Amino acid sequence: MPDARTLIVPHADVERLLPMSACIDLMADALAATARGEALLPLRQVLRLRGGRDAFAVMPAVLGSAIGAKIITVFPGNDATPFDSHIGVVLYFDDTNGRLLAIIDASSVTAIRTAAVSGLATRLLALPNASDLAILGAGVQAMTHLEAMLAVRPITRVRIWSRGMPRCAAFARWAHRRFGLTVQVCETPESAVRGAQIVCTVTAAREPVLHGAWLSPGVHVNAVGASVATARELDTHAVVQSRLFVDRRESAMHEAGDFLIPRQEEAIDNTHILGEIGALLTGEVRGRQSDDDRTLFKSLGLAVEDVASARFIYERARAEQSGTWIELGGLRPADE
C-alpha cells in the first residue's frame, strides 16, 4: 500500500527543524533559483477585510520540483493580543502524484524565513564589520531579526524602540537570556537609529517611523513591516538617498508603499530599484559600491521562501523520523 500520510508540523517543531543559519542559506538558494527563472511565482492573492487593515492571503509557488502555498490571515492589530499577526498554514505537495505531504504552521515559518531573507540581504549589502544594530518594533519579527543579524554580522550593540515600551523591556530580557546581550531600550526611534550601522524596521506602522535624516553613511536598512501600497515605515528621504534592492521587482511595483509613495511623489522612478536579491546572488547586479553607500532592502515576502522552507522541514522530519503523521485520504479505493 502506498504511503498516503500527511505530516503535521506545529510551531515548536518548525523552530527546531528550521534553524536560522540553515534558513539563511536556504533562502539564498531559493532566491537565486528564482532569479534564474526556475520558479513559478504569481503575485499573492489578498482579500482585504474590515476596511483594508486586516487581510486573508493565498501565496502559491512552484520552486523546481517543490509545489506549495501559504494560506494566512494578517491581522496587524494582534500585536496587542496574545496572537501572532500572521496565522495560517503552509501546504507542501508531492510533484509526482500531487499528494499533500505536509501541513506546517505558517506563523513560525513566516517569522524565521522573513528574518532569514533580511539576514541574507545584510550579508550581501551591509559593511563587513557592521556591529551596531537598531531595531524598530518589538514583536516576533524583532526576535527573529536579532537572531538573523547575529548570524551574519559581529553585532555588539543593540538598541530597540517600539510604541509599546513594556514590549521593548520584555525583548531586552529575552535577548539577554537567549544571547547574553545587553539591549538598550530607547524612548524615540531617532535615538535608536542615530549612528547604527544596521537598521531593521519590523513595525505595524502605516506612516514613517524611520527618517532619512537619522541615517549615517554606510548604514544598511532592512524594511520589513509594511506590505501594502498605502503603508510605509520609511520617509521619502530615507528611500531617495539609498541604493534600493527588493526581494522581487514585480511585488514591489504592486505592494511596497515604501517605494510606491515616494514614486507617487515623483521623488524617484522605477529605475530607483537597482535589482533583486536573487540577482545580487547570480552576479547580474552589483550591491554596495562604497563604504559610504546607504543600502536599503525592501522585503515583502515571497511564496518561494515558504515553499523552500516547507520542503526543507519535510525532508528533515522524514530523515529524523519525527513529527505527527495523519491519514487525510487521496488514495482511490482498491479494486474489488
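See above for the structure.
Here's what I pulled together on the structure shown here. One numbering rule holds for all chains: residues counted from 1, following each sequence as written. At least 70 in pLDDT is required for a residue's local features to be given in this predicted model, at least 80 for side-chain atom pairs to be given and counted, and no such filter applies to totals for whole chains, interfaces and linings, which use all residues. To get the side-chain values, take all heavy atoms of the structure and skip hydrogens and water.

Quick notes on the side chain of Asp247
Now for step 1: Helix and strand assignments come from DSSP, with helices taken as H or I runs of at least 4 residues and strands as E runs of at least 2, each series counted from the N terminus. Among the structural elements, Asp247 can be located in the loop between strand S13 (243–246) and helix H8 (249–255).
Now for step 2: When accessible area is computed with a 1.4 Å probe and restricted to protein chains, residues below 20% of their type maximum are described as buried, those above 50% as exposed, and intermediate ones as partly exposed. In this count, Lys and Arg are taken as positive residues and Asp and Glu as negative ones, while His and the chain termini are left out. Salt bridge, as used here, is a side-chain nitrogen of Lys or Arg placed within 4 Å of a carboxyl oxygen of Asp or Glu. Buried and without a salt bridge, Asp247 has Arg113 as its closest oppositely charged side chain, separated by 6.6 Å.
Now for step 3: Of note is the side chain of Asp247, whose polar atom sits 2.8 Å from the backbone nitrogen of Leu300. The definition of a polar contact used here is a pair of N or O atoms within 3.5 Å, where within protein one atom must be able to donate a hydrogen and the other to accept one, and adjacent residues in sequence count solely through side-chain atom pairs.

Notes on helix H5 (residues 165–179)
Now for step 1: Here the expected length of a helix is defined as 1.5 Å per residue gap, with one fewer gap than residues. The end-to-end C-alpha distance of H5, which contains 15 residues, comes to 21 Å, matching closely the 21 Å that a straight helix rising 1.5 Å per residue would cover.
Now for step 2: Residues of H5 that are buried include every one of Cys168, Phe171, Ala172, Trp174 and Ala175, and no others. Along the axis of H5, the buried positions cluster into a sector of 170°, meaning they face one direction only. Of the exposed residues in H5, the ones pointing more than 90 degrees away from its buried face are Pro166, Arg173 and Arg177.
Now for step 3: When checking whether two residues touch, look at their non-hydrogen atoms; a contact exists if any pair is within 4.5 Å. Buried-residue contacts for H5 involve strand S8 (132–136), helix H4 (140–152), strand S9 (157–161) and strand S10 (183–185).
Now for step 4: Of the residues one or two after H5, Gly180 is the one with positive phi, at around 70°. The directions from the helix axis to the C-beta atoms are what the arc is built from.

Some points on the nonpolar core
Now for step 1: The criterion is simple. A nonpolar core is a set of buried Ala, Val, Leu, Ile, Met, Phe, Trp, Tyr and Cys residues joined through side-chain atoms within 4.5 Å. Core analysis: the largest hydrophobic core is formed by 76 residues, its most contacted members being Ile104, Leu133, Leu146, Phe171 and Ile277.
Now for step 2: Residue contacts for Leu146: discarding those within four places in its chain leaves Leu133, Ile135, Val158, Phe171, Trp174, Ala175, Phe179 and Leu181.
Now for step 3: Ranked by size, the runner-up nonpolar core spans 29 residues in total, among them Val193, Val209, Ile268 and Ile273.

Here we look at the packing of aromatic side chains
Now for step 1: Note on ring pairs: Phe, Tyr and Trp rings are taken, using the six-membered ring of Trp, and paired if centres are within 6.5 Å. Classes follow the plane angle, with under 30 degrees stacked, over 60 edge-to-face and the rest tilted. Tallied over the entire structure, the rule returns four aromatic pairs.
Now for step 2: Aromatic pair Tyr314 and Trp325: ring centres 6.0 Å apart, planes at 65°, arrangement edge-to-face. Of the two residues, Tyr314 sits in helix H11 (residues 303–320) while Trp325 sits in strand S16 (residues 324–327), which places them 11 residues apart along the sequence.
Now for step 3: Judged by relative accessible area, Trp325 falls into the partly exposed class, the value being 23%.
Now for step 4: Among the aromatic residues, ring-to-ring pairing joins Tyr92, Tyr314 and Trp325 into one connected group.

Let's talk about the packing of helix H3 (residues 106–125) against H4
Now for step 1: Interaxial angle, 0 to 180 degrees, is taken between N-to-C directions of lines fitted to C-alpha atoms, where a helix line uses only the stretch in contact. Here H3 crosses H4 at 40°, and the two axes come no closer than 8 Å. Considering the relative orientation of H3 and H4, their crossing is right-handed. Taken together, the residues of H4 that come into contact with H3 (itself represented by Thr110, Ala111, Ile112, Thr114, Ala115, Ala116, Ser118, Gly119, Thr122 and Arg123) are Val140, Gln141, Thr144, His145, Ala148, Met149 and Val152.
Now for step 2: Of the residues belonging to the contact of H3 with H4, the class tally is eight nonpolar, eight polar and one charged. Crossing handedness is read from the near helix: turned anticlockwise from the far helix by less than a right angle, it gives a left-handed crossing, and turned clockwise, a right-handed one. Side-chain classes are defined by residue name, with Ala, Val, Leu, Ile, Met, Phe, Trp, Tyr, Cys and Pro counting as nonpolar, Asp, Glu, Lys and Arg as charged, and the others, Gly among them, as polar.

Let's talk about the pairing of strand S7 (residues 100–105)
Now for step 1: When strand S1 (residues 5–9) meets S7, the two strands line up parallel, connected through three bridges. Considered in S7, the bridge of Leu7 is made with Ala102.
Now for step 2: By definition, two strands form a pair when at least two bridges between them are found by DSSP. Two elements, strand S6 (residues 86–93) and S7, share five bridges in a ladder whose sense is antiparallel. Across the sheet, residue Val89 finds its bridge partner in S7, namely Asp105.
Now for step 3: Between S6 and S7, which pair antiparallel in sequence order, lie six residues; one of them, Gly98, sits at a positive phi of approximately 80°.

Looking at helix H2 (residues 20–35)
Now for step 1: Between its first and last C-alpha atoms H2 spans 22 Å; for 16 residues at 1.5 Å apiece the expected length is 22 Å, and the two agree.
Now for step 2: Taken residue by residue, H2 has Met20, Cys23, Ile24, Leu26, Met27, Ala28, Ala30, Leu31, Ala32 and Ala33 as its buried positions.
Now for step 3: One or two positions beyond H2, positive phi appears at Gly37, with a value near 85°.

With respect to the pattern of salt bridges
Now for step 1: In the structure shown here, the tally under the stated rule is 16 salt bridges.
Now for step 2: Measuring nitrogen to oxygen at the nearest pair gives 2.8 Å for the salt bridge that ties Asp306 to Arg113. Of the two residues, Asp306 is situated in helix H11 and Arg113 in helix H3; the sequence distance between them amounts to 193 residues.
Now for step 3: With a closest N to O distance of 3.2 Å, Asp132 and Arg157 form a salt bridge. On the criterion of sequence distance, the pair formed by Asp132 in strand S8 and Arg157 in strand S9 is long-range, its members being 25 residues apart.
Now for step 4: Residue Arg157 is classed as partly exposed on the basis of its relative accessible area of 37%.
Now for step 5: When salt bridges that share partners are traced, they join Lys70, Arg113, Glu305 and Asp306 into one network.

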